[in-house]
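Listed below, chain by chain, are the residues.
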2 protein chains.
Amino acid sequence: MSTRAVAGPEIERLIQLLAKLPGLGPRSARRAALQLLQKKDALLAPLTQAMEVALERVVVCSRCGNVDTSDPCTICCDPRRDDTVLVVVEDVSDLWALERAKAVNARFHVLGGTLSALDGIGPDDLSIDRLVERVSAGGIREVILAVNATVDGLTTAHFITDRLAGLNVSVSRLAHGVPVGGELDYLDEGTLSAAIRSRTPF
Amino acid sequence: MSTRAVAGPEIERLIQLLAKLPGLGPRSARRAALQLLQKKDALLAPLTQAMEVALERVVVCSRCGNVDTSDPCTICCDPRRDDTVLVVVEDVSDLWALERAKAVNARFHVLGGTLSALDGIGPDDLSIDRLVERVSAGGIREVILAVNATVDGLTTAHFITDRLAGLNVSVSRLAHGVPVGGELDYLDEGTLSAAIRSRTPF
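Residues numbered from 1 in each chain as written. Chains lettered and ligands numbered in written order. Predicted model: local features only at pLDDT ≥ 70, side-chain atom pairs only at ≥ 80, totals over all residues. Heavy atoms only, no water.

1. Some thoughts on the sheet that holds strand S6 (residues 170-173) of chain B
Residues and elements named next belong to chain B. Spelled out, the test is: Only strands that DSSP links by at least two bridges are regarded as paired with each other. In this text, helices come from DSSP runs of H or I with a minimum length of four residues, and strands from runs of E with a minimum of two, each type numbered from the N-terminal end. Throughout, an axis means a line fitted to C-alpha atoms (over the contacting stretch in the case of helices), and angles, computed between N-to-C directions, take values from 0 to 180 degrees.
Spatial ordering of the open sheet is given by S4-S3-S5-S6, a layout of four strands whose pairing is parallel. With partners counted over all chains shown, the strands left at the sheet margins are strand S4 (106-110) and S6, one partner each. When strand polarity is set aside, the average angle formed by the axes of neighbouring strands in this sheet is 25 degrees. Alignment of strand S5 (residues 142-145) against S6, held across four bridges, turns out to be parallel.

2. Focus: the state of the cysteines
For the record, the criterion: Count a disulfide wherever a pair of cysteine sulfur atoms falls within 2.5 Å. Only protein chains enter the accessibility calculation, which uses a 1.4 Å probe; a residue whose area is less than 20% of its type maximum is buried, one above 50% is exposed, and one in between is partly exposed.
All chains considered together, the criterion is met by zero disulfides over all chains. Looking at A:Cys76, it has no disulfide partner, and the nearest cysteine sulfur is the one in A:Cys64, 3.7 Å off. A:Cys76 sits in the buried class, given a relative accessible area of 7%. Left without a disulfide partner, B:Cys61 is nearest to the cysteine sulfur of B:Cys76, which lies 3.8 Å away. With relative accessibility at 2%, the residue B:Cys61 sits in the buried group.

3. A few points about the side chain of A:Thr191
Going by this rule: In what follows, residue pairs with any heavy atoms lying within 4.5 Å of each other are defined as contacts.
Here A:Thr191 shows up in helix H8 (residues 189-197). If we skip the residues at most four places from it in the chain, A:Thr191 touches A:Gly177 and A:Val178.

4. As for the sheet that holds strand S6 (residues 170-173) of chain A
Residue and element names in this part refer to chain A. Reading across the sheet, the four strands line up as S4-S3-S5-S6 and stay open at both edges, with parallel pairing between neighbours. In the strand order of this sheet, the two ends are held by strand S4 (106-110) and S6, each with one partner. In this sheet, neighbouring strand axes are inclined to one another by 25 degrees on average, regardless of whether the strands run parallel or antiparallel. Most of the contacts of helix H5 (residues 92-100) go to S4, to which it runs at about 160 degrees, and overall it touches strand S3 (82-89) and S4. On top of the sheet, helix H6 (residues 128-136) reaches S3, S4 and strand S5 (142-145); it is set at about 150 degrees to S4, its chief contact.

5. Topic: the interface of chain A and chain B
The following threshold applies: Accessible-area loss on putting two parts together, using a 1.4 Å probe and summing over both, is the definition of buried area adopted here. Salt bridges, as used here, are contacts in which a Lys or Arg side-chain nitrogen is within 4 Å of a carboxyl oxygen on Asp or Glu. Here a polar contact is recorded for every N or O atom pair within 3.5 Å, except that within protein the pair must consist of a potential hydrogen donor and a potential acceptor, and residues adjacent in sequence are included only if both atoms are side-chain atoms.
Opposite the 60 residues of chain A that make contact, chain B presents 60 residues. Carbon and sulfur atoms supply 69% of the area buried between chain A and chain B, which totals about 5900 Å² over both sides. Counting the contacts that link chain A with chain B gives two salt bridges. Note that B:Glu10 is salt-bridged to A:Arg57, the shortest N-O span being 2.8 Å. Our count for the chain A to chain B interface comes out at eight residue pairs in polar contact (both at pLDDT 80 or more). Only helix H1 (9-18), helix H2 (26-38), helix H3 (40-57), strand S2 (67-68), helix H4 (74-77) and H5 of chain A provide two or more residues apiece to the side of chain A that touches chain B.

6. So, H2(A)
Basically, it comes down to this: Working rule for helices: expected span equals 1.5 Å times residues minus one.
The end-to-end C-alpha separation of H2(A) is 18 Å, in line with the 18 Å expected for 13 residues at 1.5 Å each. For H2(A), the complete set of buried residues consists of A:Ser28, A:Ala29, A:Arg30, A:Ala32, A:Ala33, A:Leu34, A:Leu36 and A:Leu37. Among the structural elements, H1 and H3 of chain A together with helix H3 (40-57), strand S2 (67-68) and helix H5 (92-100) of chain B are those in contact with the buried residues of H2(A).

7. Side note on the domain arrangement of chain A
Put simply, the rule is: Each domain span listed reflects an automatic or database assignment of domains.
Domain boundaries assigned for chain A yield domain 1 (9-57) and domain 2 (74-201). Just the C-alpha atoms count here: the centres of domain 1 of chain A and domain 2 of chain A sit 34 Å apart.

8. Details of the environment of B:Val60
Residue and element names in this part refer to chain B. For Val 60, the location among the structural elements is in strand S1 (residues 59-60). A relative accessible area of 53% places Val 60 in the exposed class. C-alpha separation for the pair Val 60 and Asp 71, spaced 11 residues apart in sequence, amounts to 7.1 Å. Not counting residues within four places of it along the chain, the set of residues in contact with Val 60 comprises Gly 65, Asn 66, Val 67 and Asp 71.

Pasting the structure below:
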């Protein structure tokens, strides 16, 4: 930062760290820092405390890879979920997105990324072996590959399908189509073609 | 939040608090929280520590109203600044913006807002008396009113000008005109008229 010191180095450090959060750039981090400093009791103090708690208690679930304050996580421990269906996602954020949508009432498995030749990410960097173990242990009827519809996502899906072959489990993937509320005019050709191919009776 | 519990209440609380930061909505707060939880050592721990330090050490400067870790603040203590010029701003964010631009090498005075009949903010809610005191104490040659070019900002500027009358200090305001890099086509009539009125020899 080439600006003159407006405030002490402690505040500059706070701004720099806030700027690393997704969604905050250098300018909005400065605004966020100022808000925190001007609302010490209402915002800074409770947020600091919540982060201290998180720092102390958050763990990665050893079963599914979700992040939570307990291991196994809330979802793995939830008795009302369908144990026979396992939803495979790339990242915890995808798990949270599906949960937010209440899209499925099953168990999850977080891969921790996708295979990527470009980024040098191979099968051993993901929790694919762990997934095969979970499926091999029995009790799972269906594996839903809820990976992103990207080249890397699909490559990963194919790889996993191969690894699960012979384990007596049906493997499915998410449907392609028009997003609910979406307008055709704004959609790409691939999505439109997929939506036509997978058309359903009305 | 009507979603099923994805994670423990501690994490939900962290998300809710992050969502109060300017620039972060409920969705991006969730993403930010996840980033924090997945990068415990690289992000969560140092940010928590920076916030603890801020919580403990940040104070409002009793002289100018800036927030800093020392009182008087870094700017008030800086010996290289022109003591005869005082820049009056609405908020600490405006002070920081001027400093970021290295626009002026003077002292500041933070009002803490603007007069607003609508929001019921009167002169006693702002540090106007304190400003008059500082100017009355002598040594100040010019007061630059760097308030926002809004109705409330200009009302406040007029009020302050009246209060400073007879104190033997010249009062100025920021120039109106075309923003540097700005295109005329996108500017409002008021700004264009002001830019014509205040045209300078080329």
